[in-house]
Amino acid sequence: MQLKIAYSPCPNDTFVFDAWAHGRVPGAPRLDVTFADIDVTNGWAEGGTDSHDVLKVSYAVLPWILDEYALLPCGGALGRGCGPLVLTREPGLDLRGRTVAVPSERSTAYLLFRLWGAETVPGGVGEVVVMPFHEIMPAVRDGKVDAGLVIHEARFTYASYGLHRLADMGEHWESTTGLPIPLGAIVARRSLGAETLRLLADSARSSVRMAWDDPAVSRPYVMEHAQEMDPKVADQHIGLYVNEFTADLGEAGYAAVRGLLTRAAAEGLVPPLGPDALSFP
């Protein structure tokens, strides 16, 4: 069996899938890998095309795709202390009426930002501008926008742009819910059938555990796709986003996902979830 999968070139994804993608997970289906930014994979999932069997997507997009895709209980990105940041040129900037750049309006980062803003920015921000995440920090630095919502390794590099952290969306989420931060999910077509879906979950879980057992094996794959990232930043990235929730969502992970999407639905940001929407065969 060979399945088509799409995930990002970010270090956490290449670390997680290295063993599986290179045929080192016993009994796992062979993978035909496509690298794509998560905003692209979100669009593929929402479009309902038959291009990929397995996709890395934002948890924020689940309410639109769970009729066709099942959430795998492993392989994704949740955690603590790893939330998106709002950055500004000036410390303590009042965001009321300001322009904010975001990487996507179909991202978990955007949902967390909107939930944070509803509680902390009376009257709301001004215009929201969508741009590729690698363009956001330069745009804030150059005054093209007043603030930017950043993700991934930007947590470790924003100071080099002369920017200030206005707020941490993850800190706000964790302090108000006590739950980990749900970021990226692995989903697979329900039409593959329950047996194959369980095999996919087992394969993803085995792949991440193999990466933990011998991290040096995955390093060439990680750095090949890390877009000239400093190796130390890549290691920080992996350490932050690959954790116990990657191996198994568990009770806390599922509670975090349902909590995020329930709160977002209450704000009118996403459709409501059905009671069994997150169930896995």
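Being a predicted model, the structure only gives us computed values, none of them experimental.

## Description of the overall build of the protein chain
Line of reasoning, step 1. When you go through the protein chain residue by residue, the secondary structure sums to 12 helices and 11 strands.
Line of reasoning, step 2. Relative to the globule expectation of 19 Å for 281 residues, the C-alpha radius of gyration of the protein chain, 18 Å, shows essentially globular dimensions.
Line of reasoning, step 3. Sorting the 281 residues of the protein chain into buried and exposed places 53% on the buried side.
Line of reasoning, step 4. Within the structure as shown, the protein chain displays about 11,900 Å² of accessible surface, and the carbon and sulfur contribution to it stands at 49%.

## Side note on the packing of aromatic side chains
Line of reasoning, step 1. Throughout the structure, instances matching the rule amount to five aromatic pairs.
Line of reasoning, step 2. Considering the side-chain rings of Y7 and F17, the 4.5 Å spacing of their centres and the 10° angle between planes classify their relative orientation as stacked. Residue Y7 is located in strand β1 (residues 2-7), and its partner F17 is located in helix α1 (residues 11-21); the two are separated by 10 residues in the primary sequence. Each member of the pair, Y7 as well as F17, is classed as buried.
Line of reasoning, step 3. Each residue in the set Y7, F17, W20, F35 and Y221 is aromatic and connected to the rest through ring pairs, giving one cluster.
Line of reasoning, step 4. The ring of W64 has R106 lying over it, and the distance from NZ or CZ to the ring centre is 3.7 Å.

## Overview of the nonpolar core
Line of reasoning, step 1. With 52 residues, the main nonpolar core has V57 and L62 as its most contacted residues.
Line of reasoning, step 2. The greatest single-element share of this core, amounting to seven residues, is contributed by helix α4 (residues 108-120).
Line of reasoning, step 3. Leaving out residues up to four positions away in the same chain, L62 has contacts with V57, L71, V187, V257, L261 and L278.
Line of reasoning, step 4. If you look at the next biggest cluster of nonpolar residues, it comprises 28 residues, including F15, A19, Y221 and I238.

## A few points about the packing of α1 against helix α10 (residues 231-241)
Line of reasoning, step 1. At a closest axis distance of 8 Å, the pairing of α1 and α10 adopts a crossing angle of 70°. When the interaxial angle is binned, α1 and α10 end up roughly perpendicular. Of the residues in α10, those in contact with P11, N12 and F15 of α1 are A234, H237, I238 and Y241.

## Some details on the pattern of salt bridges
Line of reasoning, step 1. Overall, the coordinates contain 13 salt bridges when judged by the stated rule.
Line of reasoning, step 2. A salt bridge links E171 to R165, with the nearest nitrogen and oxygen atoms 3.7 Å apart.
Line of reasoning, step 3. Its salt-bridge partner being D235, residue R219 comes within 2.4 Å of it at the nearest N-O pair. One end of the pair, R219, is in helix α9 (residues 215-224); the other, D235, is in helix α10, and 16 residues separate them in sequence.
Line of reasoning, step 4. For R219, a relative accessible area of 33% translates into the label partly exposed.

## Notes on helix α2 (residues 38-47)
Line of reasoning, step 1. When we look at burial in α2, the residues that qualify are T41, N42 and A45. In an axial view of α2, the angular spread of the buried residues amounts to 105°, which keeps them on one side of the axis.
Line of reasoning, step 2. Tucked inside the fold, the buried residues of α2 contact β1, β3 (54-58), α3 (62-65) and β4 (69-71).
Line of reasoning, step 3. One side-chain oxygen of the residue at the start of α2 lies 3.0 Å from the amide nitrogen of D39, identifying that residue as D37.

## Thoughts on α4
Line of reasoning, step 1. Along its 13 residues, α4 runs 18 Å from first to last C-alpha, staying within 8% of the 18 Å computed at 1.5 Å per residue.
Line of reasoning, step 2. Within α4, the full set of buried residues consists of T108, A109, Y110, L111, L112, F113, L115, W116 and G117.

## What about the packing of α4 against helix α12 (residues 250-266)?
Line of reasoning, step 1. Closest axis-to-axis distance for the α4/α12 pair is 10 Å, and the angle between their directions is 55°. As far as their axial angle goes, α12 and α4 are oblique. Seen along the crossing, α4 lies across α12 with a hand that is left-handed. The segment α4 lies against α12, with T108, L111, L112, L115 and E119 engaging L260, L261, R263 and A264.
Line of reasoning, step 2. Partitioned by chemical class, the residues of the contact of α4 with α12 number six nonpolar, one polar and two charged.

## Quick notes on the environment of L93
Line of reasoning, step 1. Tracing the sequence through the fold places L93 in the loop between β6 (85-88) and β7 (100-102).
Line of reasoning, step 2. Taking the C-alpha atoms as reference points, L93 and H164, 71 residues apart in sequence, are found 9.6 Å from one another.
Line of reasoning, step 3. Sequence-distant contacts of L93, that is, excluding residues within four places in its chain, are made with T88, R98, D146 and L166.

Cut-offs used in this document
Residues numbered from 1 in each chain as written. Predicted model: local features only at pLDDT ≥ 70, side-chain atom pairs only at ≥ 80, totals over all residues. Heavy atoms only, no water. Helix = DSSP H or I, 4+ residues; strand = E, 2+ residues; numbered from the N terminus. Rg over C-alpha atoms; globule rule 2.2 N^0.38 Å. Buried < 20%, exposed > 50% of the residue type's maximum accessible area, 1.4 Å probe, protein only. Areas by Shrake-Rupley, 256 points an atom, 1.4 Å probe, with all protein chains shown as cover. Phe/Tyr/Trp six-rings, centres within 6.5 Å; stacked < 30°, edge-to-face > 60°. Lys NZ or Arg CZ within 6 Å of the ring centre and 35° of its normal. Core = buried A, V, L, I, M, F, W, Y, C linked by side-chain atoms within 4.5 Å. Contact = heavy atoms within 4.5 Å. Axes fitted to C-alpha atoms, helices over the stretch in contact; angles between N-to-C directions. Parallel < 35°, antiparallel > 145°, perpendicular 65-115°, else oblique. Salt bridge = Lys/Arg side-chain N within 4 Å of Asp/Glu carboxyl O. Arc of directions from axis to C-beta. Polar contact = N/O pair within 3.5 Å; in protein donor to acceptor, adjacent residues only side chain to side chain. Expected span 1.5 Å × (residues − 1). Left-handed = near helix turned anticlockwise from the far one by under 90°. Nonpolar A, V, L, I, M, F, W, Y, C, P; charged D, E, K, R; others polar.

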